[in-house]
Structures are given as structure tokens and as C-alpha cells.
Amino acid sequence: MRSQNLLRSQLQFLHQINLKQTFHFSTLSPHFLQSHDPYINNNINPTPKHREIGRELAKLLQLQCPNSPIPYYYKKIHAHIVVLGFQHDVFLINTLLHSCSKWGLLSDAQNVFDTMPHRNLVTWSSMVSMYTQHGYSVEALVLFCRYRRSCDEKPNEYILASVVRACTQLGSLSQALQVHGFVLKGGFDQDVYVGTSLIDFYAKHGYIDEARLLFDSLEVKTTVTWTTIITGYSKQGKSEVSLKLFNQMKDGDVGPDRYVISSVLTACSALEFLEGGKQIHGYVLRRGIDTDVSLLNGLLDFYLKCHKVETGWKLFDRLVDKNVVSWTTMIAGCMQNSFHWDAMNLFIEMTRMGCKPDAFGCTSILTSCGSLQALENGRQVHAYTIKANIDNDDFVKNGLIDMYSKCDSLTDARKVFELVATINVVSYNAMIEGYSRQDKLYEALDLFREMRLSSLPPVLLTFVSLFGLSASLFQLGLSNQIHGLVIKYGVSLDNFAGSSLIDVYSKCSCVGDARLVFEEIYDKDIVVWNAMFSGYTQQLENEEALNLYKDLQMSRLTPNEFTFAAVITAASNIASLRQGQQFHSQVIKMGLDDDPFVTNALVDMYAKCGSIEEAQKVFCSTNQRDVPCWNSMISTYAQHGEAKKALEVFENMIKEGLKPNYVTFIGVLSACSHAGLLDLGFHHFESMFQFGIEPGTEHYACMVSLLGRAGRIHEAKEFIVKMPIKPAAVVWRSLLSACRVSGHVELGAYAAEMAISCDPADSGSYILLSNIFASKGMWVNVKRLREKMDISGVVKEPGCSWIEVNNEVHRFIARDTAHLDSTLIYSLLDNLIMQIKGLGSLANAMAAHLLDD
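Every value quoted in this text rests on a predicted model; they were computed, and no experiment measured them. (Residues numbered from 1 in each chain as written. Predicted model: local features only at pLDDT ≥ 70, side-chain atom pairs only at ≥ 80, totals over all residues. Heavy atoms only, no water.)

### With respect to helix α44 (residues 745-758)
Given 3.6 residues per turn, any residue in an α-helix points the same way as the ones three and four places further on.
Then, in step 1: Spanning 14 residues, α44 covers 20 Å between terminal C-alpha atoms, matching the ideal 20 Å at 1.5 Å per step.
Then, in step 2: All of the buried residues in α44 are Val745, Leu747, Gly748, Ala751, Ala752, Ala755 and Ile756. The buried residues of α44 all sit within an arc of 170° when viewed along its axis, so they share a single face. Across from the buried face of α44, at angles greater than 90 degrees, the exposed residues are Glu746, Glu753 and Ser757. (Helix = DSSP H or I, 4+ residues; strand = E, 2+ residues; numbered from the N terminus. Expected span 1.5 Å × (residues − 1). Buried < 20%, exposed > 50% of the residue type's maximum accessible area, 1.4 Å probe, protein only. Arc of directions from axis to C-beta.)

### Some thoughts on unusual backbone geometry
Then, in step 1: In this model, Gln373 sits at a positive phi of 55°, which is unusual for a non-glycine residue.
Then, in step 2: Inspection of the secondary structure assignment puts Gln373 in the loop between α21 (359-372) and α22 (375-387).
Then, in step 3: Judged by relative accessible area, Gln373 falls into the partly exposed class, the value being 49%.
Then, in step 4: Its identity is not glycine, yet Asn389 carries a phi of approximately 60°, on the positive side.

### Observations regarding the packing of helix α33 (residues 561-573) against helix α34 (residues 577-589)
Then, in step 1: Running from N to C, α33 and α34 cross one another at 160°; their axes reach a closest spacing of 8 Å. Between α33 and α34, the angle falls in the class roughly antiparallel. Crossing handedness for the pair α33 and α34: left-handed. On α34, the residues touching Phe564, Val567, Ile568 and Ala571 of α33 are Gln579, Gly580, Phe583, Gln586 and Val587.
Then, in step 2: When its residues are assigned to classes, the contact of α33 with α34 shows 6 nonpolar, 3 polar and no charged. (Axes fitted to C-alpha atoms, helices over the stretch in contact; angles between N-to-C directions. Parallel < 35°, antiparallel > 145°, perpendicular 65-115°, else oblique. Left-handed = near helix turned anticlockwise from the far one by under 90°. Contact = heavy atoms within 4.5 Å. Nonpolar A, V, L, I, M, F, W, Y, C, P; charged D, E, K, R; others polar.)

### Points about the packing of aromatic side chains
Then, in step 1: On inspection of all chains with the given rule, the structure shows 21 aromatic pairs.
Then, in step 2: Between Trp313 and Phe316, the aromatic rings sit 6.2 Å apart at their centres with planes inclined by 85°, giving edge-to-face as the arrangement. Linking Trp313 with Phe316, this pair stays in helix α18 (residues 309-318), spanning 3 residues, or about one helical turn.
Then, in step 3: When the ring of Phe533 is compared with that of Tyr549, the centres are 6.4 Å apart and the planes differ by 55°; the resulting orientation is tilted. Here Phe533 is found in helix α31 (residues 526-538), whereas its partner Tyr549 is found in helix α32 (residues 542-554), with 16 residues between them in sequence. The exposure classification of Phe533 matches that of Tyr549, with both residues buried. (Phe/Tyr/Trp six-rings, centres within 6.5 Å; stacked < 30°, edge-to-face > 60°.)

This is how it looks when you write it as C-alpha cells:
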């Protein structure tokens, strides 16, 4: 109120001057114009009246602008300055320049500067600072060069600091080095303002060591200096150094402000250094600055990034003045920690409170909508972005494309994509990822081709999406082409892309190529190792997986739950109980024995090794039994003929409120089949619909096997004929197996014919039918069947066995000579066979002698 009254009185003073025309420009004599400027004629001093008018004009420039338009207001004052002959007053014009800079009137400031008869160092400094503050870095440097050519005054710390900031904005190292040399030459190397600006330049452009040298050399350091170096280390990923500097700052004379604390909190978040963040929180409470909403938002972000969502909720609830940043931080934190429903509820509450979400908040909530496949909620957020006029934001557009893609609404995703005015790489990546997720091969490749034609170079994420698509479709040729493009574009394989490429080669049965990619990655993280473990396990290269684990133990990396899940599976595939037990011991030692993935792998391993009691112990010892864990235990009992226990586990699973899935009923029906529980099997089969599960091929195969074991062969055939889905080869093989047991030749031949028509390359159906013919002495049919296999190119998969001797697994395949000691092994076998035959001849002779007696 006081400033408004002062402004009003000064405007009235100017108005009175104009009415009286006391100093009208046309009435002023040249003598006055000359004498008023002390820079022109120091012998003539301005009158007290002149000084009073000059002071009033300066005060008007320094006061806050009234309700009238800002450019008009300052132009009016400028007009008064010219009319009253004060354009020669450098101090007054510098004040005008400062005001124009403050309100962003750059063109007006430039016009004033160009028409100034005389300029001093403050004039040049004000102009350079103005251009730097408003992001016109090139203009600032050009003006600085003009200053050096036309002004005799030596530069001061303010103009040098502004020039360094201009170099920082441009990212020009050569220019910055020249200015740095100018700083040293002018003796400003110890000036805190210039030094801080140089530290900021070097830190922001990756020269953190040079920034540290400058920092250490400064005798005087301000809070801004400390903030600059701490933030620099934090952004360079050296958060631990930021924390050490913060501790040094606390011990010194300069107290940290909210900017320093925010930077250190960012460092703690990057390291997930919970204790360090808690100490900073305590420092904030002790200093009594816990009312600063920006600091509290920083603390909130820290706790959420350290996955302490509950602590974040408490802090958020205590916030008195929640701003947009507070709500957005909480929503983003919930999204990042997979609390997607909480994020959506927060978004709704935020809008009800009258706080308008910004583009970042909308992007976060769209991610949650996509993760939950909540299409309708996503549409509502889309409507809000249009209403709030933020639907043109690049992040929002890409978030919408991603949300619609994850919600299986590719048509809507493509519509948003087509509406994007300037399509960027992120937009293409989101759309390609959407097509890849839906296995839309041709659409994804067409978009990729369009992307390349539009001169947008694909980035690593583009290739990762295509790798995932080719892996799901087992497209080896496509994978090779994409790999070639990665090399062509000079994109180095990072851990994420490398693990994707290892996965695709493994799934395409090129585990050797996957290993080559693995070896090429220089700084492998545990995800890359896990991809290789998984690849070996998928292709049943179990010994290689176990050998690779030895290499991992020699590295600096620590295996995680996914690592153990893979290697335990490898041990179970070769039925190596000893190695499985060793992995179990390591799991317990590392505290991973309660992880569902590890538990499932251990249960399966003990089951395959015949240790059902150990499998049960593992199952009962875990506190986090998910549906796959229950399924593992049910399947374990079913495979070992413990049908009663398998069904008991199933009943307990239902009692605990867990919903069975597709795999659950495979184990249940398999248990009923092995035990011949016909009525109970049909009961569970029919109950699948109550749980919203549509029976699949495996379930029908179990039911056919159940009927066959019960001797109801023809009913089993009728069951297959009435199936609502086309019977697969495995269903007919179940009937064929039942025919082999019952000796039903005619129906067995029919089942075999149907199975072979479904899967001509499968040798199992041929072998089963051949055994039926052989059991009936139908050797001619056996011979014809073998000839048909040879003509069709069907080869029986050779049997495989293995034995573990001296901590080494030895694998043997029929007629295989790959083993190093194969010659010695076959020689020993021949000797044993000869001895067995000899014992057989002796036994026959003894039997004949007894018969003669």
C-alpha cells in the first residue's frame, strides 16, 4: 500500500512537470542539455531541481509497475527522460536498462542501449547479464566482444560471471576456456562469483575434476558455490562425493540452504541411501525449516525413490500446503513403486481439491492406467489433458500412446500417434512397442521403415522393442537383421539391449550366438548374466549354466533371486540333488529363501530329484506362497503318484482364498488321472468354469488319459470328438497310450493316424503304435511303420542319461561318441555284455539240465 501511494505521488509530480512545461524538450536550451550531463562537462553542475527530477525518475523505474501495460509504462518514462533531457544521465539510463531486463523487454532495452550517447561498465554489464538471463547466449558473447573493443574500462566480476554463464548455456568449451584465461589474466580467479560460474560450467559439461580443482582453490565459498559443486557431483552419478561435501559444508562457516539440501537429497535418492536421507530430514527438523514446501517435496521424493511408500504417505498427509509438485511427486512415487490404484485415487482426489495436474502428473497416471489396463480411466485422463490444453505436450502424447497400447487399444494409440504434430523418436518407440507387445510383426516393421525414411535415427529402445517381438515370434532372420542394423548405426549394446539380444538368440535355439553377445558386453550387470543363465536353461544346456555360475562367483556381482531360480532349474533338469542343495544353502545364506521364484524352483528341483519330503519342507517354510508355488507342490505330488496329497494341497489353496489358474487344474486333473479317480476328475474339470477358466488342450489330454486308465477307451474317443476345440496331437497321444495299455489295436491305429496328421514330425505317436503292433506280434506292421518313419524323415529322439562323478556331470546319448573317454567306456560295456551273455548261457544250460532230470 505504501509503495502504491509513493508511486501515485511520483506520477503526479511528473504530470505537474508536463502541465507547467517547465522542462519541455523544445524549450530547453543546448546549454542545459550539455550542463546536465556531468560526463560531458564536469564544470557545470546540475541544479537541485534537476537532481530532484532525476531521482524521481529513477524511483519510478525501480518501483513495481502499475496496472497499466508494462511496455507502455516504461516507454512513457523513457519518453519523459528524453523530453526532459536526461538521456545523457548514464545512471538513469542504466536503471532503465535494468528495469527493461527485469520485465523481459529485450528489444526496448537494445533500442535504449543503441541510442545511448555514453556507456560505462555498468551499461555493458547490464546488457550482457540481460541476454544471459533470458537465454540469448550468442548475443551475450557478441556484446561482450563489442565491449572489449569499444570500452576502455576493465571488466568487473559481474560481466565476467554473466559471460561464463552464457558459455554454460551454449556448451562451448573453447569459448569458456578463452573466458577462463581472461579471468586469470584479469586477476579474478579468487572472485567467488566468477569462480562459482566457472565451477558450474565445468560441472554441467562433464569436467567434474576441473570443477573440483577450481572449488578447492577458492578461498571464499558461498552457499551457491557449495550448491553448484554438490549438484555437479550428484548429476555425474557420484552421489557419495556429494554427501561428503555436504558434511564438510556443515562443519564449515557456511550453512546449507534449501537448494543445497535438495541437491543432497537427490544424491541420497540416486544411491537409495536411506540413512543419509533420514539424517538430512533430522537436520531440517532441527533447523526449523520443515515448513518449506519445496524441501518437504524433496524429502517426499527421496522416501518414495527409496521405496518407503508408507513413510512417504505419512509425510504427504502432514503437508499443510500441498502444491502441484507435492501431489505430482506422490502420484509418481506410487506409480514407480507399482501402487497404481493408489496413484489413481490420488489423481482423483487432487482434481477434487481444485489442484490442476500438470503434464508430468498426467504422464505418471497414464503409466498407472496402462499397467492396470484401466482403459476407461485412461480415457478420462485423456479428456482432462484436452480440457487442460496439455494434450500437445510431448510427454503426454507419448504417455497416451503407451497407455492405449498396453490396454490393447492399438487403434486409439495409432490415432494419437497420427495427431502428433512433430513426431519424435519417443513417439515411434511407444507405437512400435505397442505393436510388438501384440505380436503385430508387419505393423511394427512398417512403422520402423517409416521412421527410418523420415530421417529419424532409431535409438537403442527401438531395437529392444524389435528384439522382443522377434523373440516372441522366434524370428531368427529378423533378429540377425536387427542386430546388423544395431552395428550399422554404431549403437553400442548396453546391458538392457544386450540382455534382450541374448534372450532372442536363446529362444531361437542359437545359444552359441547368445554367448558371443554375452562375451562382447564389457560391463555386464546381473541382468545380462541372468539372461544368459535363462538362455542355457531354456535350451537344456544345463551343464553350461552351472559352469557359467562359477564364472559369476569369480566376478564382483552378487546373484539375485532370478539367478538362483535359473541355476536351480538347471540342477533340477539334470536331477543333481547335491548341486541343488548347495544352491539352497546359498539362498538361505543370502536371505532369498522366501522369494516366490526361488521357492518354486526349489520345490521343482527336489521333486525331480525324488526328494518329496524336502520339497514339502521348502513349501511349508515359505511365508509368501503365490499361486505358482501352490501349483508346483500340486504337480510334485501328482507326478509322484501322491494323488490324495495333491488334492489336499489344492483344497488348502482354495481355503486360503487363492484363485487357481490354468496350470493349477493341469496338476489336479493329472493327479486324478494317475490315481484313477474318474468321478472326482470330472468334478474338478467341470468346476473350472466357476473360476472363469476355459479348459485347454492340456486339460482335455488329462481327461482322455483319465478315461483311458479307467478302461473306457471308446468313451475317451467320444470325449475327443465332442471337444469344443480342435484336438491337438497330445490329446490323441493320450488315447493312443491308453490303447497300448489295453491292447486295442484298431482304435490305437486310428488315434495314431490322427496324432500324426496333427504333428507329422513327432516320433512319439509312431513309437507308441509300433509298441502296440509288437505286443500283438504284428511284426509286418511294425516294419511298415518304421519304413514310413524313414520316408517321412521322422527320427526318434535319442534317449539321454547322465551320472555325476567327482563333482562333474557326465551325459550319455545312445550311440554317442562325444565323451572324452568314449573308447574306454564302450570297451568296458562290451566286456560286461560278453559276461552277461556268458551268464545267460550258463543259466540256460542249468535250466535244461533240471528239465532233463
